[in-house]
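# Remarks on the overall topology
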Amino acid sequence: MTSAHSKFSKSVVLVLALAVFAFLGIPKTDVSAQDRSPVIDLSSGNAEMNAAIAKGRATLPTFWASYDAPKSSEAGHSLKVRFPTTKNNGEHIWMADVKKIGDGRYSGRFGNAPRDLPGKRAGDVAEFKEADISDWMFMRNGKIVGGETIRPLLKSLPKADADALRARLETP
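Calculation criteria
- Residues numbered from 1 in each chain as written.
- Predicted model: local features only at pLDDT ≥ 70, side-chain atom pairs only at ≥ 80, totals over all residues.
- Heavy atoms only, no water.
- Helix = DSSP H or I, 4+ residues; strand = E, 2+ residues; numbered from the N terminus.
- Buried < 20%, exposed > 50% of the residue type's maximum accessible area, 1.4 Å probe, protein only.
- Contact = heavy atoms within 4.5 Å.
- Areas by Shrake-Rupley, 256 points an atom, 1.4 Å probe, with all protein chains shown as cover.
- Core = buried A, V, L, I, M, F, W, Y, C linked by side-chain atoms within 4.5 Å.
- Expected span 1.5 Å × (residues − 1).
- Arc of directions from axis to C-beta.
- Phe/Tyr/Trp six-rings, centres within 6.5 Å; stacked < 30°, edge-to-face > 60°.
- Salt bridge = Lys/Arg side-chain N within 4 Å of Asp/Glu carboxyl O.
- Pairing = 2+ DSSP bridges.
- pLDDT = per-residue confidence, 0-100.

### Observations regarding the overall build of the chain
The secondary structure content of the chain amounts to 5 helices and 8 strands. Listed N to C, the secondary structure of the chain is α-β-α-β-α-α-β-β-β-β-β-β-α in terms of helices and strands. Put simply, the chain has 172 residues, and 46% of those count as buried. A fraction of 60% describes how many contacts in the chain between residues 6 or more apart in sequence connect residues 24 or more apart. Here the chain displays about 8500 Å² of accessible surface, and carbon together with sulfur accounts for 54% of that area.

### Focus: the nonpolar core
Soluble, globular proteins show a tendency: their nonpolar side chains are buried together. The biggest cluster of nonpolar side chains holds 18 residues, and the ones touching the most others in it are Trp64, Leu79, Phe83, Met95 and Phe128. When contributions to this core are tallied by element, the ones reaching two or more residues are α4 (60-68), β3 (74-83), β4 (91-102), β5 (105-110), β6 (125-129) and β7 (133-140). Trp94, Met137, Ile150 and Leu169 belong to the second largest nonpolar core, which has 10 residues in total.

### Regarding helix α3 (residues 47-58)
For the α-helix, the turn length of 3.6 residues means that residues three or four positions removed from each other point alike. For α3, spanning 12 residues, the distance from its first C-alpha to its last is 16 Å, which sits close to the expected 16 Å at 1.5 Å a residue. Restricting attention to buried positions, one finds in α3 the residues Met49, Ala52, Ile53 and Gly56. Down the axis of α3, the buried side of the element spans an arc of 100 degrees, and every buried residue falls inside it. Exposed residues pointing more than 90 degrees away from the buried face of α3 are listed as Ala47 and Ala58.

### What to know about the packing of aromatic side chains
Counted according to the given criterion, the structure contains 8 aromatic pairs. Seen in terms of ring centroids, Tyr106 and Phe128 are 5.9 Å apart; in terms of plane orientation they differ by 25 degrees. Their pairing is stacked. Taken together, the positions of Tyr106 in strand β5 and Phe128 in strand β6 put the pair 22 residues apart, joining distant regions of the chain. Each member of the pair, Tyr106 together with Phe128, is buried. Three or more aromatic residues joined by ring pairs form one cluster here, namely Phe63, Trp64, Tyr67, Tyr106, Phe128, Trp136 and Phe138.

### Focus on the pattern of salt bridges
Considering all chains together, one arrives at 11 salt bridges under this definition. When the shortest N-O distance is used, the salt bridge between Lys55 and Glu148 registers 3.9 Å. Within this pair, whereas Lys55 is found in helix α3, its partner Glu148 is found in the loop between β8 (143-146) and α5 (159-168), the two being separated by 93 residues in sequence. Residue Glu148 is classed as buried on the basis of its relative accessible area of 15%. Measuring nitrogen to oxygen at the nearest pair gives 2.6 Å for the salt bridge that ties Asp163 to Lys159. With Asp163 and Lys159 both in helix α5 and 4 residues apart, the pair spans about one turn of that helix. Among the residues examined, Asp163 registers a relative accessible area of 33% and is labelled partly exposed. Connected via shared salt-bridge partners are Lys55, Glu148 and Arg151.

### Observations regarding the pairing of β6
Remark: a regular strand shows side chains that alternate across the two faces of the sheet. Burial along β6 is one-sided: the face carrying Ala126 and Phe128 is buried and the face carrying Val125, Glu127 and Lys129 is not. Here 5 bridges tie β5 to β6, and the two strands are oriented antiparallel to one another. Paired with Ser107 across the strands is Glu127, a residue of β6.

### A word on the pairing of β3
Most of β3 sits out of view: 7 of its 10 residues are buried. As judged from the 6 bridges shared by β3 and β7, these two strands associate in the antiparallel manner. Directly across from Glu74, in β7, lies its bridge partner Arg140.

### Quick word on the confidence of the model for the chain
Residues of the chain with pLDDT of at least 70 account for 73%, and the chain-wide mean is 79. Under a pLDDT of 50 for its full length, residues 1-19 has, in the predicted model, 55 contacts with residues more than four places off or in other chains.

Quick look at the structure:
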């Protein structure tokens, strides 16, 4: 027997970062090419993902340090942000072209097409608060730094895709 709570929690949506592949190889101006990113549904009670989100949030100072003063080998600073939806407990989406607006607010461009945010498309600009950030990443010497929420999703990808993405992680 499934409770109403567990049915609700299973509707949480996390957008997998094959948008990450897009960040790795597609120029920022061609965000529409990132629409092919798969969406993976996970329960809001998924312990492995919740631990990854907690680690991503706990290490945000690493992201901001690089964002504020990037080394020549660091680029592509992106944040994964949870946007509330009417259908479920939220949709987590990678945001490119991150900017600090002030008063604890930020903006960025959707790195892929939102599934449960009507009227929003890949490349659209959206604002968010630091409390909405669930992960971060940037590139250093061709490797992904951060990206904690990518790791639990690797087992959901075809082996060749997972292996290719795992090889791009700074700490596999």
